[in-house]
Amino acid sequence: MSWTRSLITALAVCVALLAGSVGCGPSDARGEDGKPSSPAGELLDERDGEGRPYREVDAGDAPAVGVEVTPDTDGGWDVRLTVRNFRFSPAGTRGRAVAGRGLAHLELNGRRVALLRTPEYHLPGDSVPRGTHHVTARLYADDGSVWAVDGEPVESTADITVSDQEPGAAPAGTAPPEPARGADGRGRGGGRGSPGGDERA
């Protein structure tokens, strides 16, 4: 009979703990303005061209990306991303938003050419015909939402020009924005990227 009493006591303690944690959850999960707070930001109504929602984060915590494109010896282009406050998630990562994690969509003239889980990618020469082209890297959370600051996606674009001759030797690109100080004196930026896997779209 004593084991029955022990089991009932244990169940009563579990129920009390669960009720207590549920009771204090909402106040702990809310920010100063009473809205739910999350280190992974807040979903906005704005969406990208594929219908994915923007995920707004504070500028001080926001990821940043820069893109550099350089010609290679085979007539193609090497793309390298530089990230801050961001880590690439490996393939198979659970589809939920975690602050500063995810993958990059690489676009050529507004058309997605790859999903990147590493900071490097190679564009074959035949995919970039003669003319000026825009190579854009945009950062996404693992749930498919677009990292955003002030309602704008976290992205960077580099322009490359292909002439009748071999690609020029000068790299084209942009670096992630330098850390800036806000009115409150807090820094913006800082962080690192880490390699994962690579997926083609």
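Reading the values: the criteria
Residues numbered from 1 in each chain as written. Predicted model: local features only at pLDDT ≥ 70, side-chain atom pairs only at ≥ 80, totals over all residues. Heavy atoms only, no water. Core = buried A, V, L, I, M, F, W, Y, C linked by side-chain atoms within 4.5 Å. Buried < 20%, exposed > 50% of the residue type's maximum accessible area, 1.4 Å probe, protein only. Helix = DSSP H or I, 4+ residues; strand = E, 2+ residues; numbered from the N terminus. Contact = heavy atoms within 4.5 Å. Phe/Tyr/Trp six-rings, centres within 6.5 Å; stacked < 30°, edge-to-face > 60°. Pairing = 2+ DSSP bridges. Patch = residues over 30% accessible without salt bridge, like charges linked within 9 Å, V, L, I, M, F, W, Y side chains within 5 Å. Areas by Shrake-Rupley, 256 points an atom, 1.4 Å probe, with all protein chains shown as cover. Salt bridge = Lys/Arg side-chain N within 4 Å of Asp/Glu carboxyl O. Lys, Arg positive; Asp, Glu negative; His and termini not counted. Charge placed at Lys NZ, Arg CZ, Asp CG, Glu CD. Polar contact = N/O pair within 3.5 Å; in protein donor to acceptor, adjacent residues only side chain to side chain. pLDDT = per-residue confidence, 0-100.

**Considerations on the nonpolar core**
Val-67, Val-69, Val-79, Leu-81, Leu-106, Leu-123 and Val-135 are the most contacted members of the largest nonpolar core, which totals 32 residues. Among the secondary structure elements, those contributing two or more residues to this core are strand E3 (64-71), strand E4 (77-84), strand E6 (101-108), strand E7 (111-116), strand E8 (120-123), strand E9 (131-140), strand E10 (146-149) and strand E12 (155-162). In terms of residue count, the dominant contributor to this core is E4 (4 residues). The residues touching Val-79, leaving out its near neighbours within four places in the chain, are Val-67, Glu-68, Val-69, Leu-106, Pro-119, Glu-120, Tyr-121 and Leu-123. Tyr-54, Leu-103, Tyr-140 and Val-146 belong to the second largest nonpolar core, which has 6 residues in total.

**Topic: the packing of aromatic side chains**
The description of an aromatic ring pair rests on the distance of the ring centres and on the angle between the ring planes. For the structure on display, the rule yields 1 aromatic pair. Ring centres 5.3 Å apart and planes at 85 degrees place the aromatic pair Phe-86 and Phe-88 in the edge-to-face group. Classification of Phe-88 as buried rests on a relative accessible area of 3%.

**Structural notes on the pairing of E9**
Buried residues dominate E9, accounting for 7 of its 10 residues. Inspection of the sheet shows E6 paired to E9 by 6 bridges, in the antiparallel sense. Note that in E9 the partner of Ala-104 across the bridge is Leu-139. Across 8 bridges, the pairing between E9 and E12 is antiparallel. Directly across from Ala-137, in E12, lies its bridge partner Ser-156.

**A look at a negative patch on the surface**
Together, Asp-45, Glu-46, Asp-150 and Glu-152 give the surface a local cluster of negative charge. Residue placement: Asp-45 occurs in strand E1 (residues 42-47). Since its relative accessible area comes to 75%, Asp-45 is described here as exposed.

**Thoughts on unusual backbone geometry**
Positive phi, normally seen in glycine, also occurs at Asn-85, with a value near 55 degrees. Phi at Asp-150 takes a positive value of approximately 55 degrees, unusual for a residue other than glycine.

**Considerations on the pattern of salt bridges**
Taken as a whole and assessed by the stated rule, the structure comprises 6 salt bridges. Arg-112 is paired through a salt bridge with Glu-50; the nearest N and O atoms lie 3.4 Å apart. Taken together, the positions of Arg-112 in strand E7 and Glu-50 in the loop between E1 and strand E2 (53-56) put the pair 62 residues apart, joining distant regions of the chain. In this structure Arg-112 comes out as partly exposed when scored by relative accessible area, which is 26%. Among the residues examined, Glu-50 registers a relative accessible area of 45% and is labelled partly exposed.

**Description of the side chain of Glu-56**
Mapped onto the fold, Glu-56 is located in strand E2. Among the polar contacts listed, one links the side chain of Glu-56 to the backbone nitrogen of Asp-150, at a separation of 2.6 Å. The contacts of Glu-56, once residues within four sequence positions are left out, are Gly-41, Glu-42, Leu-44, Ala-148, Val-149, Asp-150 and Gly-151.

**Quick notes on the confidence of the model for the chain**
Looking at the chain, the pLDDT average stands at 76 and 63% of residues meet or exceed 70. Every residue in residues 3-37 scores below 50 in pLDDT, and together they form 7 contacts with partners more than four places removed in sequence or on other chains. Confidence drops under a pLDDT of 50 for residues 179-201, and excluding neighbours within four residues, the segment shows 53 contacts in the predicted structure.

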